[in-house]
Amino acid sequence: MRKDNARLELRLSREDKAKIEKAAKKCGVSVKEYVLRCCKGKEVRQKPPEEFWQILNYLYNYCDNMDEEERMQLAELILKLQEAF
């Protein structure tokens, strides 16, 4: 173990442990990373499902066949969708 590292051990219920593990998995990060982000007040977002990326790909492909104004409007909506996750 490096000198600047410290170990933290804690006891919690199996239910709480399972909740933390499930939340970390949904966010696509390790339990350690999930807990660290929470403790540091950083945003911990769930990873979007695969269907979300498929829809975005479809929208981007569809966007190529639009005129400039429609393309800009759709691009703004796509950006809002991405920021929501």
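Cut-offs applied
Residues numbered from 1 in each chain as written. Predicted model: local features only at pLDDT ≥ 70, side-chain atom pairs only at ≥ 80, totals over all residues. Heavy atoms only, no water. Patch = residues over 30% accessible without salt bridge, like charges linked within 9 Å, V, L, I, M, F, W, Y side chains within 5 Å. Areas by Shrake-Rupley, 256 points an atom, 1.4 Å probe, with all protein chains shown as cover. Salt bridge = Lys/Arg side-chain N within 4 Å of Asp/Glu carboxyl O. Helix = DSSP H or I, 4+ residues; strand = E, 2+ residues; numbered from the N terminus. Buried < 20%, exposed > 50% of the residue type's maximum accessible area, 1.4 Å probe, protein only. Expected span 1.5 Å × (residues − 1). Polar contact = N/O pair within 3.5 Å; in protein donor to acceptor, adjacent residues only side chain to side chain. Arc of directions from axis to C-beta. Contact = heavy atoms within 4.5 Å. Axes fitted to C-alpha atoms, helices over the stretch in contact; angles between N-to-C directions. Parallel < 35°, antiparallel > 145°, perpendicular 65-115°, else oblique. Left-handed = near helix turned anticlockwise from the far one by under 90°.

S.K.: How would you explain a nonpolar patch on the surface if you had to name every residue and give the values?
M.R.: The grouping of Leu8, Leu10 and Leu12 at the surface amounts to a nonpolar patch, some 330 Å² of accessible area in total. Inspection of the secondary structure puts Leu8 in the segment before helix H1 (14–27). Residue class for Leu8 comes out exposed when judged on its relative accessible area of 70%.

S.K.: An account of helix H4 (residues 68–84) is needed here, citing residue identities and associated values.
M.R.: Spanning 17 residues, H4 covers 24 Å between terminal C-alpha atoms, matching the ideal 24 Å at 1.5 Å per step. The N-terminus of H4 is capped by Asp67, whose side-chain oxygen sits 3.1 Å from the backbone nitrogen of Glu69.

S.K.: Can you lay out H1 for me, pointing to particular residues and giving the numbers?
M.R.: A rise of 1.5 Å per residue sets the reference length of H1, with its 14 residues, at 20 Å; its end C-alpha atoms lie 20 Å apart and thus fit the reference within 8%. Among the residues of H1, those classed as buried are Ala23, Ala24 and Cys27. With its buried residues spanning 100 degrees around the axis, H1 presents them on a single face. Along H1, exposed side chains directed more than 90 degrees from the buried face belong to Arg14, Glu15, Lys22 and Lys25. Those residues of H1 hidden inside the fold are in contact with helix H2 (31–39).

S.K.: So what's going on with the pattern of salt bridges? Residues and values would help.
M.R.: Taken as a whole and judged by the stated rule, the model has six salt bridges. Among the salt bridges present, the one from Lys19 reaches Glu15, with a minimum N-O distance of 3.6 Å. Of this pair, Lys19 and Glu15 both sit in helix H1, separated by four residues, roughly a single helical turn. Glu15 matches Lys19 in its accessibility class, with the two residues each being exposed. Two residues, Arg71 and Glu68, come together in a salt bridge whose shortest N-O distance is 3.0 Å. Taken together, the residues span about one helical turn, with Arg71 and Glu68 both in helix H4 at a distance of three residues.

S.K.: Could you give me a rundown of the packing of helix H3 (residues 50–63) against H4, with the residues and numbers involved?
M.R.: Where H3 meets H4, the axes come as close as 10 Å, and the angle between the chain directions of the two elements is 165 degrees. Compared by their axis directions, H3 and H4 come out roughly antiparallel. Judged by the twist between their axes, the crossing of H3 over H4 is left-handed. Touching Phe52, Trp53, Leu56, Leu59, Tyr60, Tyr62 and Cys63 of H3 are Arg71, Leu74, Ile78, Leu81 and Gln82, all from H4.

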